[in-house]
Amino acid sequence: MSNDAAATATPQAVSPAPPADPPQPEHGLGASLPPADARAKTEGTFPYASDLWAEGLLWAALLRSPHAHARIVSVDTTEAHAMPGVRAVVTAADIPGDAGHGRRVHDRPVFAADLVRHHGEPIAAVAADHPDTARMAAAAIQVEYEVLEPITDPEQAFAAEPLHPDGNLIRHIPLSYGDPEVTGEVVVEGLYRIGRQDPAPIGAEAGLAVPRPDGGVELYVASTDPHTDRDLAAACYGLEPDRVKVVVTGVPGATADREDPGFQLPLGLLALKTGCPVKLTATREESFLGHAHRHPTLLRYRHHADAEGRLVKVEAQILLDAGAYADASSESLAAAVSFACGPYVVPHAFIEGWAVRTNNPPSGHVRGEGAMQVCAAYEAQMDKLAGKLGVDPAELRLRNVLATGDLLPTGQTVTCPAPVAELLRAVRDFPLPALPKDTPEEEWLLPGGPEGAGEPGAIRRGVGYALGMVHMLGAEGADEVSTATVKVQDGVATVICAAVDTGQGFSTLARQIVQETLGLEEVHVASVDTDQPPAGPACRGRHTWVSGGAVERAAKMVRTQLLQPLAAKFGMSTELLQITDGKITSYDGVLSTTVTEAMDGKELWATAQCRPHPTEPLDETGQGDAFVGLAFCAIRAVVDVDVEMGSVRVVELAVAQDVGRVLNPAQLRARIEAGVTQGVGAALTENLRTPKGLVRHPDLTGYALPTALDAPDIRIVKLVEERDVVAPFGAKAASAVPVVTSPAAVASAVRAATGRPVNRLPIRPQAAVVQEG
């Protein structure tokens, strides 16, 4: 076959086809065990938080500010109180405890009292006997505002009047690494802007608060961090933490902090005031206004390289728009600054990063925060450098890639596996997809889809590359710990752990771990509430590593309890016994019994913790061992661009990822594909527009999420299983790094197709138009 023919041959999917159903179900680590709730969710019978009900239920509604910045002159609830069916109205004056909240920084009021700092900030809440009554009563509350000029440009926030008692600057990190006087023979510069992406959680954000006889309250919500939410609620209500219980229920999925505490907290206030259960289901508009979004970011870069394209120095300025409150901005900035050079060896780096408050909607934790924004910028710089040197973009990247033993610009040594070069070669060498045929029946292949106005002659194909990296677990000294209990009775195991499964698959993994360790087929994972020991938030691969590690340790302790009496009876060590398919056998075949027989009606249980090695905060020059572990990804994007109209069709994304170990093949592939698709949305369509701080079109009509029709062919061409020895099972976080990498890859491919700089995400049509002549 000629080289030209090989380049246009239709590639075969590298991802292995699902194996044929075996006679007996597969169990344990490495099996594609389906989620326990998969059937209920696909059949529509899964009870989401919005399906909750209780006897004597009242309905809640929130009054939100129509302004981005205003002084509250007065709040009159008289008319709302007088409406038939209204049982309670609460404002800032009715909060018995801490009036501020925040999962990381307590700088956000439950209800605005004096100042409104962003569009949609809660002012009051109402409980009534019918949802329509509650909404009408909330609308009847009279608020007199003195409208103020909003600060919406983060660059203006430095010199503006303080928007908050804590000031406008949340954090400044001046990273300094190497010699500032060093210069390269070749220099490229760029200015980049990243838009505001909404996590757009599946299903309505909803909750139910039920008062308790002891004067406490129970909150039934789809929380991703129940113990933190409990502590916030207890402080707000002026109660001891043991009088507030959070029960996690109906979590459909999350790519960020799923629930806004600002809507959870009023629920408990209303329940305590009325003595009745109170339910609140947020509209999609309220979700857009209330929960945190990805940080819009402004980035300025200068790359220095030698004549062969090897990086000499990177200089960058990174400005994160935190919106009205701090939330996760400090952590996001640390990631952005630390990974500002990407997975490349850079001898000298000088990065300044700032996170500032504005009157825009709040920003916070969204999958790949900080790392995604800088990836789009540093990969654009690598494309510019390749173009200036006349070097193939993939080859230029290979000359600079990071490897195990190299140093990050923070001074931290990369001790985990870092097969970046292997990943890049895998996607570079994967066969390119065939060119679309210029025939009417293939019109749907054109950018713009069927019946589009594009012409085949205006289509240009581009191929682009990107390398991304993320950190796992918390950073900068965060105490990452999780506790799990494993109980076994009558041949059935139960896992008790407060790790919330938000779609990352922890519940399935916990079942696989116990199946692998104890040889039992039937394993149940208990529902999560705050009566259990804390397990921490569901993000950055925490529960795969920390909670999975705790489950494994507890299961091994139960295994020892089970095997020790048998080993002592037969005069051998427990290491000479194995458990498979519910049977215990010895290496020599002398012993053979079932787990049920060996337990003899007893209940065995054990509780264990997992805590990874400690990290440290970045110092005043951005130096420090801030991260527990890193994960890497390479993506090659192929796009077709209509250079007359600026429309883009992503043809294919070839993905190679550093996963450590594949624990559940089907689940891992699904997470990678979902992450890539989320990144395509950030690259092409997703941008929550906020002119003058006001959210425009806060719905799924005005905010364009990619659908199944927009998803490209995703080819998982390689999964590198080089285990991280410090991680339980050796596995790495899987979902975030493809989200980080795919927008940069798509932008790189559009650059290749058009020759345009493409310095903004999402890519606007005018950025992809090529003027003839």
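Residues numbered from 1 in each chain as written. Predicted model: local features only at pLDDT ≥ 70, side-chain atom pairs only at ≥ 80, totals over all residues. Heavy atoms only, no water.

## Regarding the sheet that holds strand β23 (residues 583–586)
Logical step 1: Taken in spatial order, the 3 strands of this open sheet run β22-β23-β24, and their pairing is antiparallel. Across the chains shown, the open sheet's two edge strands, defined by having one partner strand only, are β22 (577–580) and β24 (592–594). Each adjacent strand pair in this sheet contributes to an overall mean axis angle of 25°, direction not counted.
Logical step 2: Here 3 bridges tie β23 to β24, and the two strands are oriented antiparallel to one another. Directly across from Thr 585, in β24, lies its bridge partner Ser 592.
Logical step 3: Its contacts with the sheet place helix α13 (residues 542–570) against β22, β23 and β24, and it is angled at close to 130° to β22. (Pairing = 2+ DSSP bridges. Helix = DSSP H or I, 4+ residues; strand = E, 2+ residues; numbered from the N terminus. Axes fitted to C-alpha atoms, helices over the stretch in contact; angles between N-to-C directions. Contact = heavy atoms within 4.5 Å.)

## Here we look at the packing of helix α9 (residues 371–389) against helix α16 (residues 736–754)
Helix packing for two helices is described by the angle between their axes and how far apart those axes are.
Logical step 1: Viewed as axis vectors pointing N to C, α9 and α16 meet at an angle of 30°, and their least axial separation amounts to 8 Å. In terms of their interaxial angle, α9 and α16 are classed as roughly parallel. Crossing of α9 over α16 shows right-handed handedness. Touching Ala 371, Met 372, Cys 375, Ala 376, Glu 379, Ala 380 and Asp 383 of α9 are Val 739, Val 740, Thr 741, Pro 743, Ala 744, Ser 748 and Arg 751, all from α16.
Logical step 2: Here the residues of the contact of α9 with α16 sort into 9 nonpolar, 2 polar and 3 charged. (Parallel < 35°, antiparallel > 145°, perpendicular 65-115°, else oblique. Left-handed = near helix turned anticlockwise from the far one by under 90°. Nonpolar A, V, L, I, M, F, W, Y, C, P; charged D, E, K, R; others polar.)

## Looking at a negative patch on the surface
Logical step 1: Together, Glu 616, Asp 619, Glu 620 and Asp 625 give the surface a local cluster of negative charge.
Logical step 2: Here Asp 619 is to be found in the loop between β25 (604–610) and β26 (627–642).
Logical step 3: With relative accessibility at 33%, the residue Asp 619 sits in the partly exposed group. (Patch = residues over 30% accessible without salt bridge, like charges linked within 9 Å, V, L, I, M, F, W, Y side chains within 5 Å. Areas by Shrake-Rupley, 256 points an atom, 1.4 Å probe, with all protein chains shown as cover. Salt bridge = Lys/Arg side-chain N within 4 Å of Asp/Glu carboxyl O. Lys, Arg positive; Asp, Glu negative; His and termini not counted. Charge placed at Lys NZ, Arg CZ, Asp CG, Glu CD. Buried < 20%, exposed > 50% of the residue type's maximum accessible area, 1.4 Å probe, protein only.)

## Quick look at the packing of helix α12 (residues 506–518) against α13
Logical step 1: As a packed pair, α12 and α13 sit with axes 9 Å apart at the nearest point and diverge in direction by 30°. It follows that α12 is roughly parallel to α13 by the angle criterion. Between α12 and α13 the crossing geometry is right-handed. Taking contact as the criterion, the partners of Phe 506, Leu 509, Ala 510, Ile 513, Val 514, Thr 517 and Leu 518 in α12 are, on α13, His 543, Thr 544, Ser 547, Gly 548, Val 551, Glu 552, Ala 555, Lys 556, Val 558 and Arg 559.
Logical step 2: Class assignment of the residues belonging to the contact of α12 with α13 gives a composition of 9 nonpolar, 5 polar and 3 charged.

## Structural notes on helix α4 (residues 131–140)
Logical step 1: Those residues of α4 that fall on the buried side of the exposure criterion are Thr 133, Ala 134, Ala 137, Ala 138 and Ala 140. Along the axis of α4, the buried positions cluster into a sector of 160°, meaning they face one direction only. Relative to its buried face, α4 has exposed residues pointing more than 90 degrees away, namely Met 136 and Ala 139.
Logical step 2: Elements that come into contact with the buried residues of α4 comprise β1 (58–64), α3 (78–82), β3 (86–90), β7 (122–128) and β8 (142–147). (Arc of directions from axis to C-beta.)

## A few points about the state of the cysteines
Logical step 1: Per the stated rule, a full pass over the model turns up 0 disulfides.
Logical step 2: Here Cys 341 is not cross-linked by a disulfide; its sulfur's nearest cysteine counterpart is in Cys 375, at 13 Å.
Logical step 3: Taking the relative accessible area as the measure of exposure, Cys 341 reaches 2% and is therefore buried.
Logical step 4: Not engaged in a disulfide, the cysteine Cys 610 finds its nearest cysteine sulfur in Cys 497; these two sulfurs lie 10 Å apart. (Disulfide = S-S within 2.5 Å.)

## Observations concerning the pairing of strand β10 (residues 186–194)
Logical step 1: By the alternation rule, side chains of β10 split into Val 186, Val 188, Gly 190, Tyr 192 and Ile 194, which are all buried, and Val 187, Glu 189, Leu 191 and Arg 193, of which none is buried.
Logical step 2: In terms of strand pairing, β10 meets strand β15 (residues 297–305) through 9 bridges, oriented antiparallel. Within the sheet, the bridge partner assigned to Tyr 192 lies in β15 and is Leu 299.
Logical step 3: Relative to strand β29 (residues 760–761), β10 is paired through 2 bridges, and the arrangement is parallel. Residue pairing in the sheet places Arg 193 in a bridge with Arg 760 of β29.

## Some details on the environment of Met 645
Logical step 1: Examined against the element boundaries, Met 645 turns out to sit in the loop between β26 and β27 (648–658).
Logical step 2: A sequence separation of 276 residues divides Met 645 from Glu 369, and the C-alpha atoms of the two residues are 32 Å apart.

## Notes on unusual backbone geometry
Logical step 1: Look at the link from Leu 761 to Pro 762: it is a cis peptide, with omega at -5°.
Logical step 2: At Leu 473, a position not held by glycine, the phi torsion is positive, near 65°.
Logical step 3: Along the chain, the position of Leu 473 falls in strand β18 (residues 459–475).
Logical step 4: Classification of Leu 473 as buried rests on a relative accessible area of 0%.
Logical step 5: Look at Phe 729: it is not a glycine, yet its phi comes out positive at around 65°.
Logical step 6: Note that Phe 729 resides in the loop between β28 (713–720) and α16.
Logical step 7: Residue class for Phe 729 comes out buried when judged on its relative accessible area of 8%.

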